[in-house]
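Architecture and fold: a report
In case you want the letters, here they are:
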Amino acid sequence: MPDLKFNLEDDISISDLRKVDEWEARLSKAGKLRVQRSGKVLGVLISPDAWRAFKAQTELHVRLLRLVEDERDMQMIAEREGQEPLLRGAELSAALERELKADGLL
C-alpha cells in the first residue's frame, strides 16, 4: 500500500513549481510533494512510479470487491433456488434496501 503520509520536507510552495530542477529530485525520492500557498494545501504532485503503484492497488481492490459482490450474489441466488420465485421490480428494490441497511451500507 502506498505511503500517503507527508514529511515536512515533502512540501513545496506554489512559487517554487517554476524551479523544476529544485523539486524534481525530491519528487523522485519521496514519490509525492504537497503543494502549498500561504500554508494552505492546494494539491499534491506524485511521481509516475507512485501513480502506477496507487493505480495498481486501486484496480486490485476493485477486482476483489467485484469477486466478493459476485460471490454474495451467487450465494443469495443459491439460497433462493427451490423456494419462492425471485423478486422483481419494487419487491426487489425493497429487499435490496433492507439488505443494505442490515449490512450498514445504507
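This section reports on the structure supplied with the text. These figures come from a predicted structure and were not determined experimentally.

Let's shift gears to the pattern of salt bridges. With the rule as written, the count across this model stands at seven salt bridges. Residue R72 is joined to D103 by a salt bridge in which the shortest nitrogen-to-oxygen separation is 2.7 Å. Of this pair, R72 sits in helix α2 (residues 48-80) while D103 sits in the segment after α3 (89-102); the two residues are 31 residues apart in sequence, bridging distant segments of the chain. Among the ionic contacts, a cluster of salt bridges with common partners joins R72, E99 and D103.

Before going further, it helps to spend a moment on a negative patch on the surface. A grouping of E69, D70, E71 and D73 is seen on the molecular surface, where their side chains present a negatively charged patch. Tracing the backbone shows E69 in helix α2. A relative accessible area of 41% places E69 in the partly exposed class.

The subject of this paragraph is unusual backbone geometry. Backbone geometry places S38, a non-glycine residue, at a positive phi of 55 degrees. In this structure, S38 sits in the loop between β2 (32-37) and β3 (40-46). Among the residues examined, S38 registers a relative accessible area of 78% and is labelled exposed.

Moving on to the sheet that holds strand β1 (residues 11-13). Overall, mixed pairing links the three strands, which are arranged β1-β2-β3 in an open sheet. Both edges of this open sheet fall to β1 and β3, since each of them pairs with a single strand only. Within the sheet, the average angular offset between the axes of one strand and its neighbour, ignoring direction, is 35 degrees. Inspection of the sheet shows β1 paired to β2 by three bridges, in the parallel sense. Along β2, the bridge assignment pairs S13 with Q36. Where helix α1 (residues 20-30) meets the sheet, it contacts β1, β2 and β3, and its direction lies at approximately 130 degrees from that of β2.

Conventions we followed
- Counting of residues starts from 1 at the beginning of each chain's written sequence and follows it residue by residue.
- In view of the model being predicted, local features appear only for residues whose pLDDT reaches at least 70, and side-chain atom pairs are presented and counted only at 80 or more, with totals across whole chains, interfaces and linings using the full set of residues.
- As a convention, hydrogens and water are excluded, and side-chain values are obtained from all of the structure's heavy atoms.
- The working definition used for a salt bridge is a side-chain nitrogen of Lys or Arg within 4 Å of a carboxyl oxygen of Asp or Glu.
- Put simply, DSSP marks the helices as runs of H or I at least four residues long and the strands as runs of E at least two long, and each gets a number from the N terminus on.
- Patches draw on residues past 30% relative accessible area with no salt bridge. Two like charges within 9 Å are joined, as are two nonpolar side chains (Val, Leu, Ile, Met, Phe, Trp, Tyr) within 5 Å.
- Per-residue accessibility takes into account occlusion by the displayed protein chains alone, with areas from the Shrake-Rupley method and a 1.4 Å probe.
- Under the convention used here, Asp and Glu are negative, Lys and Arg are positive, and both His and the chain ends fall outside the count.
- Charge placement uses NZ in Lys and CZ in Arg. For Asp and Glu, CG and CD serve respectively.
- For each residue, the accessible area found with a 1.4 Å probe, counting protein chains only, is set against the maximum for its type, and the residue is called buried under 20%, exposed over 50%, and partly exposed in between.
- One bridge is not enough; two strands pair if DSSP finds at least two bridges between them.
- Lines fitted to C-alpha atoms define the axes here, with helix axes fitted over just the stretch in contact, and angles between the N-to-C directions of these axes take values from 0 to 180 degrees.
- Contact between two residues is taken to exist if any of their heavy atoms lie within 4.5 Å; hydrogens are not considered.

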